Amino acid sequence: RNLEDYLKEVWLKAALPDISPKLANVNEAVQNALAQLFNSNLVWLLLDGVDEMNAGGEHPLSAIANNLNSWVGKARVILSCRLNVWDIEKNALEEFKTYRTLEFSYDNTPTSNQIHKFISNWFKNISLERGKLLETLLNKPGKERLLDLVRNPLRLALLCRIWQSEEGHLPETKVKLYSQYVEEIYSWKQEILDQAINQEQLNQALGELAKRGIESGESRFRLREKLVREVLEPELFNLALNIGWLNRVGETTEKPKEDVYAFLHGTFQEYFAAQRITDWRFFINYESDNIQPIKFPIF
């Protein structure tokens, strides 16, 4: 389904009761009114996570460009995308103005210290003192690497969430940060965890699935149901869905169609995959003199 069909057949049907309760059905007149709004430059279209989109073999950016040829393209379009997808040799959306998420600034001036602002905003309705204590600990000698790590907005958000629930402990490495976040998710979902299922067993299975997804020639963050069921036993598969580690994000474009799943976030797929790599030879292993370094996983 392209963007135009989605807007007319799915989005409009869901939004119509809120827009105008008097309009019960999405008829041609309503669809034309929506198109007119786009043509009048009154719509902003927000497209999040283009790199995780299933484009049926077409490059995601080319697919987006092809979807913007009709009245849909009259909107002001804002999209988010990982750099490895955006920075390709030929970008179908190269005329877009581009912005990059930068590291947060950190200095001794509160007005320009973005880490300070983020922490203050996070804890202003929880506990200002708790937020100040977190900043104090980040400034202690020996915490320089962690302070540098949380200049990344996502990792700072994870740290605040951990600090909110477990005051008094700061992880010192990225691995510890994510492993602690994983444990926190399990604690949130404790009521649905089957005691017969070992968390380590589930983690190992998720790690194998994550690694195979990244190694596959298809979209690394979109996992076909066939692959998911090859790696995860039915019990583990259902548990991963119930906890939220995996989410159904769509279908393949082939016939018959196949469900497609993705991890809670691409970062966690990378974390679980890393846990399954126990030997450095995985990255540069070769068995003959015919060395082709570009094919080594380390690259």
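Every chain is numbered on its own, with residues counted from 1 as its sequence reads. Totals for whole chains, interfaces and linings use every residue, but because this is a predicted model, local features are given only for residues with pLDDT of at least 70 and side-chain atom pairs only at 80 or more, for both listing and counting. Remark: hydrogens and water are excluded; side-chain values derive from all non-hydrogen atoms of the structure.

Draft legend 1. The overall build of the protein chain, seen in detail. In terms of helices and strands, the protein chain carries 14 helices and five strands. For every residue, the accessible area obtained with a 1.4 Å probe (protein chains only) is divided by the maximum for its type, and the residue is called buried under 20%, exposed over 50%, and partly exposed between those limits. Burial statistics for the protein chain: of 299 residues in total, 36% are counted as buried. The contact criterion used throughout is that any non-hydrogen atoms of two residues lie within 4.5 Å. Sequence separation of at least 24 residues holds for 57% of the intrachain contacts in the protein chain that already meet a minimum separation of 6. Here the protein chain has roughly 19000 Å² of accessible surface; of this, 49% comes from carbon and sulfur atoms. The secondary structure listing takes helices from DSSP runs of H or I that are at least 4 residues long and strands from runs of E that are at least 2 residues long, numbered from the N terminus. Reported accessibility uses the Shrake-Rupley method at a 1.4 Å probe radius. Residues are deemed covered only where the shown protein chains occlude them.

Draft legend 2. Seen up close, the pattern of salt bridges. The term salt bridge refers to a pairing of a side-chain nitrogen on Lys or Arg with a carboxyl oxygen on Asp or Glu at a separation within 4 Å. Enumeration over the complete set of coordinates arrives at seven salt bridges. A salt bridge links Arg276 to Glu208, with the shortest nitrogen-to-oxygen separation between them at 3.6 Å. Of this pair, Arg276 sits in the loop between helix H13 (266-275) and helix H14 (281-284) while Glu208 sits in helix H10 (residues 199-215), and the two are 68 residues apart along the sequence. Glu225 is the salt-bridge partner of Arg229, the closest N and O atoms lying 2.7 Å from each other. Residue Arg229 and its partner Glu225 are both found in helix H11 (residues 225-231); the two are separated by four residues, about one turn of the helix. Residue Arg229 is classed as partly exposed on the basis of its relative accessible area, which comes to 45%.

Draft legend 3. Summary view of a nonpolar patch on the surface. Distance thresholds for patches are 9 Å for like charges and 5 Å for nonpolar side chains (Val, Leu, Ile, Met, Phe, Trp, Tyr), applied to residues having over 30% relative accessible area and no salt bridge. Taken together, the side chains of Tyr6, Val10 and Trp11 present a nonpolar region at the surface, about 260 Å² in accessible area. By the element assignment, Val10 lies in helix H1 (residues 3-19).

Draft legend 4. Molecular detail of the packing of helix H5 (residues 114-123) against helix H8 (residues 153-165). Orientation is described by lines fitted to C-alpha atoms, with helices fitted over the stretch in contact, and by angles between N-to-C directions that extend from 0 to 180 degrees. Relative orientation of the contacting elements H5 and H8 amounts to 40 degrees, with a least axis distance of 11 Å. One element, H5, and the other, H8, form an angle in the oblique class. For the element pair H5 and H8, the recorded crossing hand is right-handed. Contact residues: Ile115, Phe118, Ile119, Trp122 and Phe123 in H5; Pro153, Leu156, Ala157, Cys160, Arg161, Trp163 and Gln164 in H8. Angles below 35 degrees are treated as roughly parallel, those above 145 as roughly antiparallel, those between 65 and 115 as roughly perpendicular, and all remaining angles as oblique. Each helix crossing is assigned a hand: it is left-handed if the near helix lies turned anticlockwise from the far helix by less than a right angle, otherwise right-handed if that turn is clockwise.

Draft legend 5. Expanded view of the packing of helix H6 (residues 128-138) against H8. Viewed as axis vectors pointing N to C, H6 and H8 meet at an angle of 120 degrees, and their least axial separation amounts to 11 Å. In this view, H6 runs oblique relative to H8, as classed from their interaxial angle. Two packed elements cross with a definite hand, and for H6 against H8 that hand is right-handed. Residue-level contacts link Arg130, Leu133, Leu134, Leu137 and Leu138 of H6 to Leu159, Cys160, Trp163 and Gln164 of H8. By residue class, the composition of the contact of H6 with H8 is seven nonpolar, one polar and one charged. Each residue is assigned to one of three groups, with Ala, Val, Leu, Ile, Met, Phe, Trp, Tyr, Cys and Pro labelled nonpolar, Asp, Glu, Lys and Arg labelled charged, and all others, Gly among them, labelled polar.

Draft legend 6. Spatial organisation of the side chain of Asn113. Tracing the sequence through the fold places Asn113 in the loop between helix H4 (83-86) and H5. By relative accessible area, which is 4% here, Asn113 ends up buried. Among the polar contacts listed, one links the side chain of Asn113 to the backbone nitrogen of Ile115, at a separation of 3.2 Å. Any N or O atom pair separated by 3.5 Å or less is treated as a polar contact, with the protein-specific requirement of one donor-capable and one acceptor-capable atom, and with residues adjacent in sequence counted only for side-chain atom pairs. Here the side chain of Asn113 touches His116 through a polar contact of 2.9 Å, landing on its backbone nitrogen. In this view, Asn113 contacts Ser105, Tyr106 and Asp107; residues no more than four positions away in its chain are not counted.

Draft legend 7. A look at the sheet that holds strand S3 (residues 223-224). Strand pairing is assigned whenever DSSP detects at least two bridges linking the two strands. Taken together, three strands build an open sheet; the order of strands is S3-S5-S4 and the sheet is antiparallel. This sheet does not close on itself; its edge strands, each paired only once, are S3 and strand S4 (246-251). Here S4 pairs with strand S5 (residues 259-263) via five bridges, running antiparallel. Each bridged residue has a counterpart across the sheet, and for Asn247 the counterpart in S5 is Ala262. Across the face of the sheet, H10 comes into contact with S3, S4 and S5 while running at roughly 110 degrees to S5.

Draft legend 8. Summary view of the pairing of strand S2 (residues 76-79). Burial of the side chains of S2 is restricted to one face: Val77 and Leu79 are buried, whereas none of Arg76 and Ile78 on the reverse face is. Of the pairings in the sheet, the one linking strand S1 (residues 44-47) to S2 comprises four bridges and is parallel in character. Directly across from Trp44, in S2, lies its bridge partner Arg76.

Draft legend 9. Structural view of the packing of aromatic side chains. Centres within 6.5 Å make a pair out of two Phe, Tyr or Trp rings, where for Trp the six-membered ring is used; the pair is then stacked when the planes are under 30 degrees apart, edge-to-face when over 60, and tilted otherwise. If you walk through the whole model with that rule in mind, you get 11 aromatic pairs. Residues Phe118 and Trp122 carry aromatic rings whose centres are separated by 6.1 Å and whose planes lie at 25 degrees to one another, so their mutual orientation is stacked. Within this pair, Phe118 and its partner Trp122 are both found in helix H5, separated by four residues, close to a single helical turn. The class of Trp122 is partly exposed, set by a relative accessible area of 26%. Between Trp245 and Phe272 the ring centres are 5.0 Å apart and the planes differ by 85 degrees, which places this aromatic pair in the edge-to-face class. Of this pair, Trp245 sits in the loop between helix H12 (234-243) and S4 while Phe272 is found in helix H13, placing the two residues 27 residues apart along the sequence. Phe272 gets classed as buried once you look at its relative accessible area, which sits at 2%.

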